[in-house]
Amino acid sequence: MKKVDRRDFLKRSSAVGLGALILGMSKDLVANNRIDNTPLGWNTPMHSMAPKRLSDLTHRLAKTALSGEHGRSMVHADWTFKERDDRSLSNNTRYALAAMSIAQNAPLRIDSGEIIVGSATLLEASMNNVPLAGLPSTSHTTLGYQNVLPIGYIGLRKKIESRLKQEDLDDKGKDLLKSMLILLDAAQVWNNRNIAYLEQKMASASGDEKIFIQNTISTLKQVPENPPSNFREAVQSLWSMYAFQRLMGIYSGIGRIDEMLGAYLKQDLKKGNISLSEAREILAHFWIKGCEWIGNTDSKGSGDAQFYQNIILGGIDANGKEVTNEVTYLVLDIIEELHISDFPTAVRVNRNTPDKLLRRIAEVQRLGGGIVSIYDETGIIESLVKFGYPIEEARSFTNDGCWEVMIPGKTKFWYTPSDSLVLLHSVLGLREPVQTLEYPDFESLYAAYIKKLEENIADVNRGIDNVYQGDDHPLAAMFVEGCIEKGRGFDNKGPKYNVMAIHYGGFSDTANSLLVMKKLIYEQKYLTLSEFTQILKDDWKGNEPLRKLIQNRFEFYGNDNNESDAMLQRVFNDYTEIVSRVKERNGIYRPAGISTFGRELEWLPQRKASPSGNKSDAVLATNFSPSPGTDKKGPTAVLKSYCKMDFTRVPNGAPVELKILPNSVKGDNGIEALMGLTKTFIKLGGFYLNIDVIDSATLIDAQLHPEKYPNLPVRIAGWSARFTTLNKQWQDMIINRTQQIV
Amino acid sequence: MESEVNDIKGVVFDIQRFSTHDGPGIRTTVFLKGCPLACSWCHNPESQSAHYELFFNKKICIDCGSCNKTCPFGNAREILQDSELRKEKCGSCLLCANVCPANAIEKVGKIYTSDEIVSEIEKDLPFYENSNGGITISGGEPLLQYDFTIDILKKVKRKNIHTTIDTSGFASKEKFLEVAPYVDLFLWDIKITDENLHKKYTGAPLNPIIENLKVVDLYGTKTILSLILIPEVNMNDQHYKAIANIYSDLINVQGIRLLPYHEYGNSKNERLGIMNHDSYSEPTDKEMSDACKAIQKINNQIKILQ
Ligand code: SF4
Ligand code: SF4
């Protein structure tokens with residue numbers, strides 16, 4: 001990690017000139033910012049098949065941000081603030097004063113030509129820590145931007161002040177709310193510094209450049225303090241609020257951006273104050289800002305830039321009205337054109353979703369990268385209502401940072417990941433000696449597995465009982481319903497909903513393994529259980545023919561085969577039933593979810609050989625997808641198998657990933673085919689679908705020649721990452737999966 | 001053909017779901033074995049014979065020896081690697097394929113009843129409905145197993161599913177007229193437009209293929225012409241002109257699709273033990289787009305489909 005001297009950085013950042021863009025654009029200035037001076041290796045278009053609607057300057061800014069240039073020049077917060085060790089102050093006060101010091105001292109960066117401004121420039125923050133305070137920050141939630149944006153900080157301040165005036169707040173509560181007021185002051189200090197910085201710039205500018213800066217300044221003078229009065233202010237306000245959270249190391253999702261911004265755009269369009277292409281440029285700059293942390297650290301193996309900044313589009317609002325509006329389409333335009341995967345985006349669809357939207361989704365999906373996913377919202381809303389949420393809240397669901405469903409602005413969310421497959425290995429005595437391996441029939445073996453699962457889930461539940469007695473995270477807390485009202489912090493059960501979802505992964509392979517044992521041992525009596533477990537203990541050594549027979553003669557989950565799907569259904573139903581027994585305890589909700597999130601790698605050392613024909617070192621199924629190489633009948637069969645499950649039983653979700661070859665979705669018919677997959681997914685009732693259009697030849701070439709593919713996003717397991725930033729193990733896993741596409 | 005027999009059987013070598021190149025939307029393509037033509041560039045050489053065959057894919061063999069143990073001649077792998085030995089010795093008892101754990105020896109061709117095919121097809125019904133897709137019967141030549149094909153078509157049509165036949169065009173006129181009412185679209189292969197060359201390369205006369213096309217067209221069924229393009233064989237203006245003439249005589253033609261020759265068939269030939277098969281060069285992208293332009297230059301009314 002390169003350490004940059006802060007003064008040096010400040011000097012450099014103030015040397016940045018200002019260009020002009022669409023809002024008061026000067027031809028000369030744009031010419032000076034031609035694409036030629038893009039970072040090394042970036043002289044190709046963002047995507048060879050994407051249309052070009054945005055300006056050259058916007059493309060240049062995007063390439064610069066994606067190249068990691070900004071991330072690499074981030075700095076440590078290397079100063080101290082005097083209250084840091086003052087133990088007479090409360091934790092929350094010191095947190096707020098740290099924020100104030102950061103607001104006063106963090107380097108500023110406003111790039112030439114940026115319409116949306118404000119940068120979280122501290123390295124600690126980008127690593128999910130609170131700078132200066134030396135504490136971990138928080139993540140895995142979508143904060144309540146939709147509540148604060150329309151009222152501005154001014155409205156939030158009023159809310160906090162009036163709560164403080166009420167008599168019933170205890171000392172803890174008062175302390176928390178007072179720290180929130182300091183934080184609002186800090187946010188204002190930071191905003192004012194950005195204004196002053198721009199004013200300084202303006203002094204030496206002239207003509208269009210001056211107008212451009214003036215526009216930015218007047219926007220910042222209005223927001224985020226006040227309610228936005230137009231689209232540009234709304235986008236800037238959302239970014240300013242978000243960026244200030246980021247400056248304190250908070251990773252949050254954004255949530256339903258089209259619902260939040262749609263009305264502002266509609267009003268501006270009606271008044272004729274803005275054109276759609278201007279609005280697209282403004283929103284594109286929001287997307288570019290979201291890339292400025294890329295390159296902050298060396299890749300962690302699983303790819304760069306995982307900051308959980310999820311976006312949700314479309315779907316019905318709290319009153320049941322469709323949200324989809326012009327902003328929805330602009331977002332898809334931007335993703336299509338800039339191919340930015342750093343805001344993982346999911347569209348909520350239902351049976352009434354217009355074809356026009358489904359078509360746009362298909363067009364973006366086809367360019368690859370798996371950036372845009374699909375929620376079939378009808379079943380999800382039903383599952384949330386079944387879980388106990390009021391219908392209006394259920395309808396407003398978003399996600400936490402991957403795809404786990406939650407209610408934005410009201411929720412403290414986290415989850416516990418476990419592996420269901422190792423439990424089967426334990427039952428079979430592969431991991432530690434077992435008392436008995438005497439299972440006279442399949443039912444008794446199955447019962448032993450379910451008992452093991454029950455015990456494991458009970459352990460997980462006990463572990464959950466005492467969580468959420470931690471830091472208040474006052475900055476996050478003031479964006480979450482319940483915290484101000486109760487006077488309790490984010491990790492102290494302040495939020496309206498405190499959720500610790502229970503997640504297990506590995507079910508596809510567990511069910512396949514159970515099927516093999518049922519058939520071979522109990523029905524065909526091909527061999528005995530103890531003979532079979534011995535083969536597994538030997539990791540199939542000397543038994544390659546049997547292993548191959550199993551792989552080739554069984555139709556496993558994912559092939560629309562009723563028998564194998566029924567086995568998974570059975571495990572799925574039992575698992576979800578067990579988790580649903582403890583819906584809530586100690587004020588903590590525990591919805592069930594199914595996931596691996598790439599842990600299929602992390603879990604490898606604990607896993608043993610599996611009855612489904614896998615050696616102990618095989619990387620197995622991701623999330624709720626079929627095991628790699630077992631889905632031999634293509635994507636329609638996978639979706640049929642997947643949709644046989646009743647997803648109203650998993651309120652936290654169970655996603656499926658499809659990898660599709662570019663060749664099979666070529667031409668106009670390719671769009672029809674992609675739309676057909678999505679529509680059928682909705683019709684059959686799925687949960688979450690990610691389609692990644694990719695071929696292994698491209699990935700292998702990218703592994704050999706990374707310089708040719710600076711921005712090749714691939715879907716991992718709930719997020720997309722640039723392929724070249726994955727380490728070899730992760731790259732190989734993705735290539736291997738891609739080679740299995742039929 | 002009046003009475004309907006329910007369990008008409010046919011030999012099928014593949015059923016491909018999510019097929020997106022054999023007609024509109026998402027389709028299930030059923031590949032029937034047996035073809036009256038014998039094009040040496042065929043990308044599905046296993047489709048030519050109407051009988052079972054064995055594929056032997058040496059690359060995935062794990063050397064377990066089971067096939068040799070079970071083979072009456074004791075050397076299954078050796079036999080299968082050589083088309084002459086296959087003819088001489090192999091009794092097609094299939095024992096080797098049954099025991100091979102790795103699917104390195106694989107039986108090509110499976111008997112299905114038409115009902116079984118229909119139930120396979122029905123599995124993706126919602127996908128067809130949501131993409132304006134349906135089913136395609138391909139081959140081989142579907143009309144070589146005429147009873148089987150028409151039975152499937154009738155049953156599928158009753159369920160209102162869009163039907164496509166991918167045909168070589170080589171069968172009797174009567175058969176084409178009888179299936180036409182149950183077919184929404186024909187993908188009509190035209191390989192070569194010179195009578196003599198056609199005979200030389202495919203083993204069959206050209207004339208009936210074109211006559212059948214006109215008959216089907218007159219009947220009112222939609223067609224798309226499929227042109228396989230092979231640089232050494234048919235990528236020339238003379239061919240394109242002849243195609244343009246055929247095209248302009250048709251009333252219900254929807255367009256032309258250009259299919260570049262692919263060496264893909266070679267590896268399948270090897271699995272059939274056929275080592276000395278003809279090979280051709282694959283057209284480049286540029287050659288393909290030149291062909292497209294050349295055809296449109298002759299007649300710009302011709303619609304070239306992607
Ligand atoms: S089909 Fe029978 S005879 Fe032919 S190679 Fe196989 S086992 Fe031997
Ligand atoms: S049975 Fe199959 S895997 Fe075994 S030696 Fe024969 S061809 Fe190879």
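Only a predicted model underlies this, so the values are computations on that prediction, with no experimental measurement involved.

**Focus: the overall build of chain B**
Stage number 1. Helix and strand counts for chain B stand at 13 helices and 11 strands.
Stage number 2. Taking 306 residues into account, the globule formula puts the C-alpha radius of gyration at 19 Å, and chain B, at 20 Å, falls close to it.
Stage number 3. Dimensions of chain B, computed from the C-alpha atoms along their principal axes, are close to 60 × 45 × 35 Å.
Stage number 4. For chain B, the share of sequence-separated contacts (at least 6 apart) that also reach a separation of at least 24 residues comes to 71%.

**Description of the interface of chain B and chain A**
Stage number 1. Taken together, the contact between chain B and chain A spans 27 residues of the former and 31 residues of the latter.
Stage number 2. Buried surface at the junction of chain B and chain A, both sides included, amounts to about 2,200 Å², of which 54% is carbon and sulfur.
Stage number 3. Counting the surface chain B buries against chain A, the share from its top three residues, Phe18, Phe127 and Asn130 of chain B, is 29%.
Stage number 4. Taken together, the links from chain B to chain A amount to two salt bridges.
Stage number 5. Between Lys683 of chain A and Glu129 of chain B there is a salt bridge, with its nearest N and O atoms 3.2 Å apart.
Stage number 6. Between chain B and chain A we count 16 residue pairs in polar contact (both at pLDDT 80 or more) in total.
Stage number 7. Every element with two or more residues in the side of chain B that touches chain A is listed here: β1 (9–19), α4 (95–99) and α6 (125–129) of chain B.
Stage number 8. Class assignment for the residues of the side of chain B that touches chain A results in 12 nonpolar, 10 polar and five charged.

**Quick look at the site of ligand 2**
Stage number 1. Surveying the vicinity of ligand 2 reveals the residues Phe56, Cys61, Ile62, Asp63, Cys64, Gly65, Cys67, Arg77, Cys100, Pro101, Ala104 and Ile105 of chain B.
Stage number 2. Among the residues forming the shell around ligand 2, the class breakdown is nine nonpolar, one polar and two charged.

**Structural notes on the sheet that holds strand β2 (residues 27–32) of chain B**
Residues and elements named next belong to chain B.
Stage number 1. Ordered by their spatial adjacency, nine strands build an open sheet running β5-β1-β2-β6-β7-β8-β9-β10-β11, and the pairing between neighbours is mixed. Lying at the two open borders of the sheet, with one neighbouring strand each, are β5 (110–113) and β11 (304–305).
Stage number 2. Here strand β7 (residues 162–167) pairs with strand β8 (residues 185–189) via four bridges, running parallel. When the bridges of β8 are listed, Thr164 appears paired with Leu185.

**Topic: the nonpolar core**
Stage number 1. Judged by nonpolar contacts, the single largest core of 240 residues is most densely connected at Phe231, Leu261, Leu283, Trp287 and Phe624 of chain A.
Stage number 2. For this core, the element with the highest residue contribution is helix α9 (residues 171–203) of chain A, accounting for 13 residues.
Stage number 3. Once residues lying within four places of it in the same chain are set aside, the contact partners of Leu261 of chain A are Leu149, Phe231, Ala234, Val235, Leu238, Leu283 and Val327 of chain A.
Stage number 4. Core analysis: the second largest hydrophobic core is formed by 50 residues, Ile8, Phe176, Leu229 and Ile243 of chain B among them.

**Quick word on the site of ligand 1**
Stage number 1. Contacts to ligand 1 come from Leu54, Cys71, Pro72, Phe73, Ala76, Cys90, Gly91, Ser92, Cys93, Leu94 and Cys96 of chain B.
Stage number 2. Taken together, the residues of the shell around ligand 1 break down into nine nonpolar, two polar and no charged.

**Some points on the domain arrangement of chain A**
Residue and element names in this part refer to chain A.
Stage number 1. Under the domain assignment used here, chain A contains domain 1 (6–398) and domain 2 (408–652).
Stage number 2. The straight-line distance from the C-alpha centre of domain 1 to that of domain 2 is 36 Å.
Stage number 3. On the side of domain 2, 37 residues touch domain 1, which itself brings 47 residues to the contact.
Stage number 4. Summed over the three residues of domain 1 that lose the most area to domain 2, namely His140, Phe387 and Glu393, the buried surface amounts to 19% of that side.
Stage number 5. Between domain 1 and domain 2 we count three salt bridges in total.
Stage number 6. The salt bridge partner of Arg488 is Asp170, with a shortest N-O separation of 2.5 Å.
Stage number 7. With eight residues, the top contributor of residues to the side of domain 1 that touches domain 2 is α9.

Rules and cut-offs
- Here the residue numbers are simple positions, counted from 1 along each chain's written sequence.
- Chains carry letters and ligands carry numbers; both start at the beginning, A for chains and 1 for ligands, and go up in the order they are written.
- Side-chain atom pairs in this predicted model are given and counted only at pLDDT of 80 or more, local residue features only at pLDDT of at least 70, and totals for whole chains, interfaces and linings cover all residues.
- Only hydrogens and water are set aside when side-chain values are computed; all heavy atoms of the structure are taken into account.
- Counting from the N terminus, the helices are the DSSP runs of H or I reaching at least four residues and the strands are the DSSP runs of E reaching at least two.
- This radius of gyration counts C-alpha atoms alone. The globule rule is 2.2 Å times how many residues there are, raised to the power 0.38.
- It only takes one pair of heavy atoms within 4.5 Å for two residues to be counted as in contact.
- Two parts placed together each lose some accessible area under a 1.4 Å probe, and adding up what both lose gives the buried area.
- For this document, the term salt bridge refers to a Lys or Arg side-chain nitrogen within 4 Å of an Asp or Glu carboxyl oxygen.
- As used in this structure description, the phrase polar contact means that two N or O atoms lie within 3.5 Å; if the pair is within protein, one of them must be able to donate a hydrogen and the other to accept it, and residues adjacent in sequence are counted only when both atoms belong to side chains.
- Charged means Asp, Glu, Lys or Arg here, nonpolar means Ala, Val, Leu, Ile, Met, Phe, Trp, Tyr, Cys or Pro, and polar covers whatever is left, Gly included.
- Any residue with a non-hydrogen atom lying within 4 Å of a molecule or strand is treated as near it.
- Two strands qualify as a pair provided that DSSP identifies no fewer than 2 bridges between them.
- Among the buried residues, those of types Ala, Val, Leu, Ile, Met, Phe, Trp, Tyr and Cys that are joined through side-chain atoms within 4.5 Å form a nonpolar core.
- Only protein chains enter the calculation, and the probe is 1.4 Å; a residue is then buried if its accessible area is under 20% of its type maximum, exposed if over 50%, and partly exposed in between.
- For each domain, the first and last residues come from an automatic or database assignment.

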